[in-house]
Amino acid sequence: IMTHLSRFSEEIIMWCSWEFKFIELDDAYATGSSIMPQKKNPDITELIRGKAGRVNGNLMTLLSMLKGLPLAYNKDMQEDKEAVFDSVDNVKLCLKTFIPMLETMRVNKDKMRAAAAGGINATDCADYLVKKGMPFRDAYKISGRLVAECIDKGLTLETLPLESYRELSGLFSEDIYDAISLETCVKERSSFGGPSPESVIRQIEITRERLGVYYE
């Protein structure tokens, strides 16, 4: 739990930064800077990230204590209580704080979509050509050249004119924009555990089913 919370916290810390600005935490779960009035620090996620090291340290304590024990109870085992109780207390504390922080978090959808449009659909562009009969190695090269052109012109694959596509291959037509739209890219990833809406909903259902077993 703490390893996943730490990983999640790292993403939130990055997403809150000026470089990303994908999300904004509620004031109740962030603090101001002592010197920079515009700054909003995600202190809770930083503390949780730090506490993951503490809990992992408790794990090493337990493993080190157990590694030399023969079969049956030994007095060494009295040392497990502090590590176990401390870990449980900290996990509960982190979860109690993390959940409402996520519930009140504001997501900048436009910013996230603009970032996703920066070339994440290049593979779908290559797949489009493959579906029309082109070998993937050739489609891969063409997609790479198109991405390079987008970077040079300050465009995205979604805003690149059709003429630029057709200069590299006559297989491109108006339907390329449907094939590389971000909505299509997400929906096409429908394998188990994928990011399509159907797959995500299924994962939520599976998680709820598993949790339901524990609470019966």
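The coordinates are above.
Here goes a summary of the coordinates provided. What you see is a predicted model; the values in this text were computed from it and never measured. (Residues numbered from 1 in each chain as written. Predicted model: local features only at pLDDT ≥ 70, side-chain atom pairs only at ≥ 80, totals over all residues. Heavy atoms only, no water.)

## Digging into unusual backbone geometry
Part 1 of the argument: Of note, the phi angle at Lys21 is positive, near 55°, even though the residue is not glycine.
Part 2 of the argument: The backbone of Ala72 sits at a positive phi, close to 90°, despite the residue not being glycine.
Part 3 of the argument: We classify Ala72 as exposed; its relative accessible area is 58%. (Buried < 20%, exposed > 50% of the residue type's maximum accessible area, 1.4 Å probe, protein only.)

## With respect to the side chain of Ser169
Part 1 of the argument: Note that Ser169 resides in the loop between helix H7 (162–168) and helix H8 (176–179).
Part 2 of the argument: Given a relative accessible area of 8%, Ser169 falls into the buried group.
Part 3 of the argument: Not counting residues up to four positions away in its chain, the partners in contact with Ser169 are Leu129, Met134 and Ile142. (Helix = DSSP H or I, 4+ residues; strand = E, 2+ residues; numbered from the N terminus. Contact = heavy atoms within 4.5 Å.)

## A closer look at the layout of surface pockets
Part 1 of the argument: Within this model, the largest pocket holds a volume of roughly 380 Å³.
Part 2 of the argument: Top element by residues in the lining of the largest pocket is helix H4 (residues 109–116). It accounts for four residues.
Part 3 of the argument: When the residues that make up the lining of the largest pocket are grouped by side-chain class, the tally is nine nonpolar, no polar and four charged. (1 Å grid on protein atoms, 1.4 Å probe; cavity = no way out; pocket = protein on both sides within 12 Å on 5 of 7 lines; lining within 4 Å. Points joined across faces, edges and corners; volume = space filled by probe spheres on them. Nonpolar A, V, L, I, M, F, W, Y, C, P; charged D, E, K, R; others polar.)

## Some remarks on the environment of Tyr140
Part 1 of the argument: As for its placement among the helices and strands, Tyr140 is situated in helix H6 (residues 136–153).
Part 2 of the argument: Here Tyr140 falls in the exposed class, since its relative accessible area comes to 57%.
Part 3 of the argument: In this structure, the C-alpha to C-alpha distance between Tyr140 and Val130, residues ten residues apart in sequence, is 9.3 Å.

## Quick notes on the state of the cysteines
Part 1 of the argument: Counted under the stated rule, the structure contains zero disulfides.
Part 2 of the argument: The thiol of Cys94 is not disulfide-bonded; the next cysteine sulfur, from Cys16, is found 17 Å away.
Part 3 of the argument: Here Cys185 stays free of any disulfide, with the sulfur of Cys125 as its closest cysteine sulfur at 9.8 Å. (Disulfide = S-S within 2.5 Å.)

## Concerning the environment of Leu69
Part 1 of the argument: By the secondary structure assignment, Leu69 is in the loop between helix H2 (43–66) and helix H3 (80–103).
Part 2 of the argument: You can call Leu69 partly exposed: its relative accessible area is 22%.

## Brief notes about the packing of aromatic side chains
Part 1 of the argument: Evaluated as defined, the whole model comprises seven aromatic pairs.
Part 2 of the argument: Taken together, a centroid distance of 5.6 Å and an interplanar angle of 5° make the contact between Tyr128 and Phe172 stacked. You can see Tyr128 sitting in helix H5 (residues 122–131) and its partner Phe172 sitting in the loop between H7 and H8, a full 44 residues away along the chain.
Part 3 of the argument: Exposure remark for Tyr128: the relative accessible area of 6% places this residue in the buried category. (Phe/Tyr/Trp six-rings, centres within 6.5 Å; stacked < 30°, edge-to-face > 60°.)

## Focus on the packing of H2 against H3
Part 1 of the argument: Relative orientation of the contacting elements H2 and H3 amounts to 155°, with a least axis distance of 9 Å. Judged by the angle between their axes, H2 and H3 are roughly antiparallel. In the packing of H2 onto H3, the handedness of the crossing is left-handed. Packed against H2, whose contacting residues are Ile44, Thr45, Ile48, Lys51, Arg54, Val55, Asn58, Thr61, Leu62 and Met65, the element H3 presents Asp80, Ala83, Val84, Asp86, Ser87, Asn90, Leu93, Cys94, Thr97, Phe98 and Met101 at the interface.
Part 2 of the argument: Across the contact of H2 with H3, the residue classes tally to eleven nonpolar, six polar and four charged. (Axes fitted to C-alpha atoms, helices over the stretch in contact; angles between N-to-C directions. Parallel < 35°, antiparallel > 145°, perpendicular 65-115°, else oblique. Left-handed = near helix turned anticlockwise from the far one by under 90°.)

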